[in-house]
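Here is what each chain is made of, one letter per residue.
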Amino acid sequence: MEVLTELLAFWQAQAGKLGHQTLQHIGLTAASLLLAVLVGVPLGLLLTRRPRLAPVVLGFTGVLQTIPSIALLGFLIPVLGIGPEPAIFALFLYGLLPIVRNTLAGVQGVSPAVVEAARGLGLTDGQVLRRVELPLALPVLFAGIRTATVINVGVATLAAYIAAGGLGEFIFGGIALNNPAMILAGAIPAAALALAFDAALAGLQRLSARRLTRVGGFLLILLPLLAGLYVLPRATSKLLAGFSPEFVGRADGLPGLQTKYGLAKLPSVILAPALVYEAARHHDVDVIDGYSTDGRIKAYDLRVLRDDRGAFPPYFAAPVVRQAVLAAHPELRPVLEKLAGRINDSVMTELNYRVDYRHETPRAVAHDFLRRRGLWRVPQPITGATIRLGSKIFAEQYILAELYAALIRGYTNLDVVTKTGLGGTSICFEALRTGAIDLYPEYTGTGLLVLLQPSPATVDSLGGNPQAVFDYVQVGFRQRYGLEWLSPLGFNNTYALLMRQQQAEQLQIASVSELGAYLRQ
Amino acid sequence: MRHATLCGTRNDSHAGRSAASRYLLTPLPLSIAPAPPVIRVRDLSKHYPGHMAVQDVSFELAAGETLVLLGPSGCGKTTLLKMLNRLIEPTTGTVEINGVAVGQQRPEVLRRGIGYVIQQVGLLPHYTVAENVGVVPRLLGHTAAAIAERTSALLTRLHLPPVRFADQYPHQLSGGQQQRVGLARALAADPPIMLLDEPFGALDPVTRAGIRREFRELEELRAKTMVLVTHDVTEAFELADRIALLSGGQIQQIGTPHELLFRPANDFVRDFFAAERLALQLRTLRLRDLLPFLPPSTKTALSKSLFLGEINISLSIDEPVSPNYSVQEALEILTAPEASDAAAAQQVADASARYLIIVESDENAPRYRVALPELMAAFAHAIHHAETVWKS
């Protein structure tokens, strides 16, 4: 019930966007169907004349059908980039099999006696095809188009992942934000579209072959018109942004950024998080959202725009330790504090880059870092208890865990086991709270918004001040969970706006304010 | 083709018309054959991998002649037919139509000049009856008005009133009606040649007999040169001027029904007709063939007026018939009940009171007055004689 109210409120608030996305969705489906019909029907007809090719062609289109849609879109990006082209092409490939197969089946289903009689009367091969086989195959052919339509309306939601718009934008935004109302806001119209198209084509299929011929011609005119609905807000501005659905949806993401900087003239498309960096690298978009310590910033030569007005919440990393462990092993705290303030954003980016793109092991990278900073010591003989280190499942956390493990081994007689790759925040946190692990690196923003979850008023009162947030979570964790936040490491792994280094230099943009100023020029 | 209807009743106006037409019939078209052949087939063969469908077939067909390709299933008769309009291309040999090799014409142009009817009819299911009939004239670019008029006329002649049938779709018609539409479609552009592949094969026996009768009487078909494929012996004898009996892709014998029946070229031909021999002989032998075997007492010099007077005196019924009548037709007339007049039928219930007067169209030729026993005796003699001649 609550979801329903939220849903209606969401639709009301986003009515314009909903209409635009629906039109985009219809446009995507129509454009891909048009292509599939223009290619699939002649291909199917060719197969009726060259039946030996049929198993090969049907097999090939069948294989296309089995490629997972996300993977297919992924394959197409290096060739077609992002945006409508790869989306329409992928949808076209999915629509091909039912249309080719049903064209072939439809023509093969025409009574041989009818075809023989038609030839015997003196119709040419072309006339037999146009006046006899094709009209009589139309009901089956339409069934194929209907199948392709329903498939494409469904798959078109994925187009939102590659900046092609459509109702998937709400769906993936909702998934990223764990907002069921937002998911439904896109999913319900998508389902309704599929049902409506299905019902409409089912109605057409029941028409006589003669009327179908006329309707078929009408559809061939209608499809390009529908495809024309599909107009992206491109080429209307100096820069185009590509954002992940989560960034667009959450309050401290794009909306917060726009309040603080007023980036009204920055048109944006929605992209799968995994594709955002690729899109920037391939010049498909100019501005993207990312994480300030991501290894790809270095790998793809991107520039982090300084958040000079503090729009993004602070996500400073610090080790969170069980108080009982600190009390039992007083020598532990100073060892862990050795890294405090020693790693800034660009250092962390570099370390991440070496693991993610140079494929060095987190351990080798961690040890190398300690040696260069003069923190490295050979492991001591083990006489004491065992400290259990945890980490979430991405490179930065692996590296941090290896850093702490090496420090503990070098400076104390305690033994260390690492339990890395514990999935997401909640798994790590629960492991720490129940004593399955003794410490793991966490981020202040996560501790505040995901774990403590104070009222919005409290969050506002902190105002994105790094020190205030740190103090709040430190006190909160002590009181509520008996867990201790030690000093932050120094880097802030938060949202960031990124641009290609070269373009940013050329336009002399180093901060978000400068981006805003450039757009307003 | 030139045989008249087998009619049971004399007074039926329909039968009366066909009886009259019997006198007007020209003799067999073979006798007017000096005209060049319309269809000439020479050394035609069709080989499929591991299978000879048609081997070295040759024949000629004169204008207006009907050739029936007869034989068991798989004998190559349909393949042979389809090579005539190039639905199948021959491996070797030539087909000429009106002196032009068909291989030199565009197949669709060739086919538009040849009517084509098949067993499964093959009406275009998305066309109405009228549109189906109009297919070929439309291909030939006839005007809409001309097509409509022609369609309407043909449907009427084939007992499919256009008011009711023109706008119906094939699936709304019975099998017999569909076959008539198929025939109308083949005739629409009035092609001089017709190819028919088992045209009555898919119909039930009653419908089949009915349509076959219409087919034989159809004015449209009188002047056509036709090749008809069938495996039905009775149908072949009923419709053919000549029959080509095929087996294993080869013509076993080609000739008139009379020749195939009484002078079979080999055992295959003889055995092929064995089961229906008597029925075929009755159908094939004509009264003219029996004349030499009739007793002299039947010869009569009665003038027409006198003989008419005699009917009343003797209370017998005399039927004037042409010597072109088949023995079977004569038998049917002699044994048919008199439907028009119940009282007269009672009086002459004894068939011996009924006579046939065999009258030549030539007034001066002798006439014969024959009763049933004399007719049967003459028939037996004639058969016996034919057998003796063939054996020697």
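The structure displayed is predicted, hence computed values, not measured ones.

Caption draft 1: The arrangement of the overall build of chain A in detail. Within chain A, the secondary structure is distributed over 25 helices and 10 strands. Seen through its C-alpha atoms, chain A measures out along the principal axes to roughly 100 × 50 × 50 Å. Here chain A, with 521 residues, has 53% of them falling under the buried criterion. For chain A, the proportion of contacts with a sequence separation of at least 24, taken over those separated by at least 6, is 80%. When the accessible surface of chain A is split by element, carbon and sulfur atoms take 59% of a total near 22,100 Å². Charged side chains of chain A number 44 positive and 36 negative; the gap between the two group centres comes to 7 Å.

Caption draft 2: Fine view of the UniProt feature "domain: ABC transporter" (unreviewed entry) in chain B. Mapped onto this numbering, the UniProt entry annotates "domain: ABC transporter" (unreviewed entry) at residues 39-273 of chain B. End C-alpha atoms of residues 39-273 of chain B are separated by 27 Å, and the span's content is 37% helix alongside 26% strand.

Caption draft 3: The sheet that holds strand 7 (residues 193-197) of chain B, seen in detail. All names here are of chain B. Overall, mixed pairing links the 6 strands, which are arranged 6-7-8-3-9-10 in an open sheet. At either margin of the open sheet sits one strand with a lone partner, and together these are strand 6 (114-118) and strand 10 (250-255). Each strand of the sheet is rotated relative to its neighbour by a mean of 15°, with strand direction disregarded. Sheet analysis places strand 9 (residues 242-247) next to strand 10, joined by 5 bridges and oriented antiparallel. By the bridge assignment for strand 10, Ser247 is matched with Gln250. Here helix 8 (residues 175-187) sits on the sheet in contact with strand 6 and strand 7, set at roughly 165° to strand 6.

Caption draft 4: Structural detail: the environment of Gln14 of chain A. All names here are of chain A. Within the element layout of this structure, Gln14 appears in the loop between helix 1 (2-13) and helix 2 (15-49). With a relative accessible area of 25%, Gln14 lands in the partly exposed category. Sequence-wise, Gln14 and Ala176 are 162 residues apart; in three dimensions their C-alpha atoms are separated by 18 Å.

Caption draft 5: The arrangement of the packing of aromatic side chains in detail. Residues and elements named next belong to chain A. The tally for this structure, following the rule as stated, stands at 19 aromatic pairs over all chains. The interplanar angle of 20° and the centroid separation of 5.6 Å between the aromatic rings of Tyr291 and Tyr495 together place this pair among those described as stacked. Residue Tyr291 is found in strand 3 (residues 287-291), and its partner Tyr495 is found in strand 10 (residues 495-500); the two are separated by 204 residues along the sequence. Tyr495 sits in the buried class, given a relative accessible area of 5%. Ring geometry for Tyr353 versus Tyr357: centroids 6.2 Å apart, planes at 20°, classification stacked. An aromatic cluster of at least three residues, connected via ring pairs, comprises Phe243, Phe247, Tyr291, Phe312 and Tyr495. The lysine or arginine in question, Lys298, covers the ring of Tyr353, its NZ or CZ lying 5.3 Å from the ring centre. The cationic tip of Arg371 hangs over the ring face of Trp376; the distance from NZ or CZ to the ring centre is 4.6 Å.

Caption draft 6: Summary view of the UniProt feature "transmembrane region" (unreviewed entry) in chain A. Within the UniProt annotation, "transmembrane region" (unreviewed entry) is assigned to residues 25-46, 53-81, 87-115, 136-162, 182-203 and 215-232 of chain A. Helix makes up 100% of residues 25-46 of chain A and strand 0%, and the two end C-alpha atoms of the span are 31 Å apart.

Caption draft 7: A look at the sheet that holds strand 4 (residues 92-97) of chain B. Residues and elements named next belong to chain B. The antiparallel open sheet is built from 4 strands, whose spatial order is 2-1-4-5. What marks the edges here is a single partner per strand, and that holds for strand 2 (51-61) and strand 5 (100-101). For strand 4 and strand 5, the ladder comprises 2 bridges, and the chain directions are antiparallel. The residue of strand 5 that forms the bridge with Glu96 is Ala101. Helix 2 (residues 77-84) rests against strand 1 (39-48), strand 2 and strand 4 of the sheet, and its axis sits at about 120° to strand 1.

Caption draft 8: How the structure looks around helix 6 (residues 112-121) of chain A. Taking burial as the measure, the 10 residues of helix 6 of chain A include 8 buried ones, the bulk of the element. Inspection of helix 6 of chain A places Ala113, Val114, Val115, Glu116, Ala117, Ala118, Gly120 and Leu121 of chain A among the buried residues, and these make up the whole buried set. In this structure, the buried residues of helix 6 of chain A make contact with helix 7 (125-155) of chain A together with helix 2, helix 3 (107-112), strand 6, helix 5 (135-139) and helix 8 of chain B. Phi turns positive, to about 110°, at Gly122 of chain A, one or two residues after helix 6 of chain A.

Caption draft 9: Just unusual backbone geometry, in detail. Of note, His283 of chain A is a non-glycine position whose phi angle comes to about 65°, a positive value. Inspection of the secondary structure assignment puts His283 of chain A in the loop between helix 13 (273-281) and strand 3. The backbone of Asn98 of chain B shows a phi angle near 50°, a positive value even though the residue is not glycine. Within the element layout of this structure, Asn98 of chain B appears in the loop between strand 4 and strand 5. Taking relative accessible area as the criterion, Asn98 of chain B reaches 51% and is therefore assigned exposed.

Caption draft 10: Quick look at the domain arrangement of chain B. Residues and elements named next belong to chain B. When its domains are assigned, chain B resolves into domain 1 (1-32), domain 2 (39-284) and domain 3 (287-391). Averaged C-alpha coordinates put domain 2 and domain 3 at centres separated by 36 Å. With 11 residues of domain 2 in contact, the opposing surface of domain 3 contributes 10 residues. It is Phe262, Arg270 and Leu282 that lose the most area in domain 2 upon contact with domain 3, and together they represent 52% of the buried surface on that side. Summed over the shared surface of domain 2 and domain 3, the number is 1 salt bridge. Glu387 is the partner of Arg270 in a salt bridge, and the nearest nitrogen-oxygen pair spans 3.8 Å. Scanning the region where domain 2 abuts domain 3 turns up 3 residue pairs in polar contact (both at pLDDT 80 or more). Looking at the side of domain 2 that touches domain 3, the elements that each hand over two or more residues are helix 11 (257-262) and helix 13 (277-284).

Rules behind the numbers
Residues numbered from 1 in each chain as written. Chains lettered and ligands numbered in written order. Predicted model: local features only at pLDDT ≥ 70, side-chain atom pairs only at ≥ 80, totals over all residues. Heavy atoms only, no water. Helix = DSSP H or I, 4+ residues; strand = E, 2+ residues; numbered from the N terminus. Buried < 20%, exposed > 50% of the residue type's maximum accessible area, 1.4 Å probe, protein only. Contact = heavy atoms within 4.5 Å. Areas by Shrake-Rupley, 256 points an atom, 1.4 Å probe, with all protein chains shown as cover. Lys, Arg positive; Asp, Glu negative; His and termini not counted. Charge placed at Lys NZ, Arg CZ, Asp CG, Glu CD. UniProt positions renumbered as here; feature names shortened; annotations may be inferred. Pairing = 2+ DSSP bridges. Axes fitted to C-alpha atoms, helices over the stretch in contact; angles between N-to-C directions. Phe/Tyr/Trp six-rings, centres within 6.5 Å; stacked < 30°, edge-to-face > 60°. Lys NZ or Arg CZ within 6 Å of the ring centre and 35° of its normal. Domains from an automatic or database assignment. Buried area = accessible area lost by both parts, 1.4 Å probe. Salt bridge = Lys/Arg side-chain N within 4 Å of Asp/Glu carboxyl O. Polar contact = N/O pair within 3.5 Å; in protein donor to acceptor, adjacent residues only side chain to side chain.

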